[in-house]
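Close look at the chain arrangement
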Amino acid sequence: MGKSKKADVSQEENGNDSMVDGQNKLSWEDKIQYLSPIASPLAPKKLTKKLYKMVGKAQTSKSIRKGIKEVQKSLRKGEKGIVVLAGDVSPMDIISHIPVVCEEADIPYCYTPSKQDLGESCGSKRQACMVMIKKHDSYADDFDEMSSKIGEIPTSY
């Protein structure tokens, strides 16, 4: 632990502000470089920020499903919501079937560039590969807006 503190101090002395909590803070363009080729439809930068905020609201109201197993189970049971997938998951095979399931069930879904940011928006220090946001009264307007905006994102196929 002492080594990480020294590393933080040395970064601050050098004037490098790209370090946040001991990790490099990547820009949007840098995160897009690590995307999987099948990560489509990718949410634009503004929509991604709004989705992360809505994930935080859903976490406080306990109307969120977080993680691969939990989201798959809720999709099988027929629950409705918005599915947000991380585009930098490796290997991509673990979540590659989810878009097909979402399209069959008529559930809006989109990719975001970072699983780390998705996990942090859930209020966790761990990464999250996918999240399902269920509708709640406290953010119903935002939910409907996001759902329509996700439907307008062009797909590459």
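Residues numbered from 1 in each chain as written. Predicted model: local features only at pLDDT ≥ 70, side-chain atom pairs only at ≥ 80, totals over all residues. Heavy atoms only, no water.

Looking up the chain in an unreviewed UniProt entry gives the name H/ACA ribonucleoprotein complex subunit 2, with the organism given as Elysia marginata. Note on the chain: under the UniProt heading Sequence similarities (unreviewed entry), the record states "Belongs to the eukaryotic ribosomal protein eL8 family." (UniProt positions renumbered as here; feature names shortened; annotations may be inferred.)

Side-chain alternation along strand S6 (residues 130–133) places Met130 and Met132 on one buried face and Val131 and Ile133 on a second face that is also buried. Both strand S3 (residues 64–66) and S6 contribute to a ladder of 3 bridges, which runs antiparallel. When the bridges of S6 are listed, Arg65 appears paired with Met132. (Buried < 20%, exposed > 50% of the residue type's maximum accessible area, 1.4 Å probe, protein only. Helix = DSSP H or I, 4+ residues; strand = E, 2+ residues; numbered from the N terminus. Pairing = 2+ DSSP bridges.)

End to end, helix H7 (residues 140–152) covers 19 Å across 13 residues, agreeing with the expected 18 Å (1.5 Å per residue, within 8%). Those residues of H7 not exposed but buried are Ala140, Phe143, Met146 and Ile150. All buried residues of H7 project into a common sector of 125° when viewed along the axis, lining one side. Facing away from the buried side of H7, by more than 90 degrees, are the exposed residues Asp141 and Glu152. Where H7 is buried, its residues meet helix H3 (45–60), strand S4 (82–86), strand S5 (109–112) and S6. (Expected span 1.5 Å × (residues − 1). Arc of directions from axis to C-beta. Contact = heavy atoms within 4.5 Å.)

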